[in-house]
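Notes for the structure review
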Amino acid sequence: MSDARSLIARIRAGGGVSADEARWFGAGLNGREITDAQAGAFAMAVCLNGLGPQARVGLTEGMRDSGDVLSWDLPGPVLDKHSTGGVGDPVSLLLAPALAACGAFVPMISGRGLGHTGGTLDKLEAIPGYVCEVGPSRLDHVVRNAGCAIVGPTGRVAPSDKRLYAIRDVTATVESIDLITASILSKKLAAGLGGLVLDVKTGSGAFMENMEDATALAEALVSVANDAGCATSALITDMSQPLADAAGNAVEIRAVMEALTNPKAQRRLREVTVTLGGVLLADAGLASDVQDGAEEIAAALSSGQAAEGFARMVAAMGGPEDFLESWQRLLPEANVLREVTLGCAGCITAMDTRALGEVVVHLGGGRLRDGDRIDPAVGLSGIARLGARVEARTPVAMVHASDEQKADWAVKAVRAAMTLGTARPDAIPLIHAKVPA
Ligand code: URA
C-alpha cells in the first residue's frame, strides 16, 4: 500500500522510491487521494533529490495513464515536437503547420507558461476566439481537416500533468530532469504519436542552463520516449538570448506571422524550426535525411503553405476565418509602449534571458499565482541580439505594458538584464548537438 506522505518523506530523505510507487503517485495526481499540498511537496522533494531513472519511468507512465491514451487512423504519420521551455520561443506555431504541409498529422498537446518561460497555449489565446481546451473528437476533427491542432491537456488526456504543471509553475519546482521528463512525455505518449522531436534548450533562459544538464535531460527524454515505443530524437539549442526578437503572447504571435509571411524575417526562429522539422521528417521516413527534411520544411514556410495551414487551424479552433489577412488589426495592443536604451555605447556581450522572461511574467504575461489571468498584450518586442553594437540611444527593446508604473519598472529590468562590453563576444551556435548524434 502506497501513501503520499511516506513516499514524499522518503524522497526528501534521499532514499528514493520504486517505479511502482512513482507510477501510483503519477496516476493518483488525477484524483482526491493526493492533495495540492502533497503534490507541491512531492515536486520540491524531487527537485532537490531526484527520482532516478526507474522511478522517472514509473512517474511518466502513471501520468500518461491518468487519462485517455489516444490512437489515430490517419493517412500519414502522426508526429509532434515539444520544447523544454524558453523565452521568445514560438517554434511550435511554425513547425506544426509546416509538418502538416509535408504530409504529417500533428496533434500537439501543449502547455501554458511555466516559471519564467512562455506557454504555447497562452500565446494562442492572444488570438481572439482561439479555444485551446477541446475534447478528443474536436481534436480528431481539426487534425484530420487542418493537418494540425495545438490544444491543451484536457480533463481526459494526461490530466495528472495538467494539475502538477500548474502547481510546479507557482512553487519554483520546474528545474528537475525527472519532472520535466514526466511532464513532457506523459502528454506526448498519451497523444499516440508515431514520432517526436524534442527541443532541449540551454543557456541563460533555459531550465537547464549548462550543456551538461541539457545533455542529461535530452538523454533522459530520448531514452524514456524510445523505450515507450515512440521514435524520438532531440536537438539541444541555444537559449542564451530569446529565440525570436519578441517575448510575450500577442507579440510572439506577431513574430510568428512575420516568419510565416516573410522569408527574411525572424531568421533564428526559422532556422531552429527548419532543423527540428528536418530531424523529425527524416526519422519518420518522410525525407531521405535531415538535410532533405530541412529543405522540405523551409519550402513549406517560403511557399506560404505553412501560413495557410496555420490560418486553417486558427479558424478551426474558433479564431477568425481570415487571420492571415487580419492579424495586424486583430492582435491586442498594450496601453503603454516604451523604448529601452542602454545610455552608453558598446557591444551587447551577455543577456540574462531568464530575467527577460521574468519581466514578461511580472508585466502580466505569465502567472505568479495559480489561476492568475494573463494579459495577452504585454511583453517585449524588438529585442536586440547578442553581439549587437549599440549607441547610447539605440533601442534594444520595446516594452509593452498595461500602465506607466509597470512600464517604468520593466525598462529598468530590461536594462539590468543586458551586459554591455567593448569587444564582440564569440558567436554561440544556435544548434549545439543532436541526441542521439
Ligand atoms: N514543457 C512541459 O510540458 N513540461 C515541463 O516540465 C517543461 C516544459
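Here the structure is a predicted model, which is why all the values come from computation and not from measurement.

To describe a pair of aromatic rings, you give the distance between the ring centres and the angle between the ring planes. Counted by the stated rule, this structure contains 2 aromatic pairs. Relative to Phe25, the ring of Trp24 lies with its centre 6.4 Å away and its plane at 65 degrees, an arrangement referred to as edge-to-face. Assessed through its relative accessible area of 0%, Phe25 is described here as buried. For the pair Phe25 and Phe42, a centre-to-centre distance of 3.9 Å together with 20 degrees between the ring planes defines the contact as stacked. Residue Phe25 is located in helix H2 (residues 19-28), and its partner Phe42 is located in helix H3 (residues 36-49); the two are separated by 17 residues in the primary sequence. A network of ring pairs unites the aromatic residues Trp24, Phe25 and Phe42 as a single cluster.

With that out of the way, let us pick up the nonpolar core. Among the nonpolar cores identified, the biggest contains 124 residues, and Phe310 and Val399 are the most heavily contacted of them. The leading source of residues in this core is helix H5 (residues 91-101), at 8 residues. There are two domains that each give this core at least three residues, and those are domain 2 (79-327) and domain 3 (336-421). In terms of nonpolar packing, the next biggest core, distinct from the first, is built from 22 residues, Ala39, Ala43, Met63 and Leu164 among them.

Looking at the protein chain, the domain boundaries give domain 1 (4-64), domain 2 (79-327) and domain 3 (336-421). Taking only C-alpha atoms, the centre of domain 2 and the centre of domain 3 are 24 Å apart. Between domain 2 and domain 3, the residue contacts involve 30 residues of the former and 28 residues of the latter. Roughly 2100 Å² is buried in total at the junction of domain 2 and domain 3, and carbon and sulfur atoms are behind 51% of that figure. Considering only the surface of domain 2 that becomes buried against domain 3, His116, Gln241 and Asp245 emerge as the three largest contributors, covering 24% of it.

Thresholds, definitions, all that
Each residue is numbered by its place in its chain's sequence as written, counting from 1. With the structure being a predicted model, the display of local features is reserved for residues of pLDDT at least 70 and the display and counting of side-chain atom pairs for 80 or more, all residues being used for whole-chain, interface and lining totals. Just so you know, side-chain values use all the structure's heavy atoms and leave hydrogens and water out. Two aromatic rings, drawn from Phe, Tyr or Trp (for Trp, its six-membered ring), form a pair once their centres lie within 6.5 Å of each other, and the interplanar angle then sorts them: stacked below 30 degrees, edge-to-face above 60, tilted otherwise. For every residue, the accessible area (1.4 Å probe, protein chains only) is compared with the maximum for its type, and the residue is labelled buried under 20%, exposed over 50%, or partly exposed between those bounds. A helix here means a DSSP run of H or I that spans at least four residues, while a strand means a run of E at least two residues long, and both kinds are numbered starting from the N terminus. Nonpolar core, defined: a set of buried Ala, Val, Leu, Ile, Met, Phe, Trp, Tyr and Cys residues in which side-chain atoms within 4.5 Å join the residues together. Boundary definitions for the domains trace back to an automatic or database domain assignment. Contacts are assigned to residue pairs that have any heavy atoms within 4.5 Å of one another. Buried area is understood as the total, over both parts, of accessible area removed when two parts are fitted together, assessed with a 1.4 Å probe.

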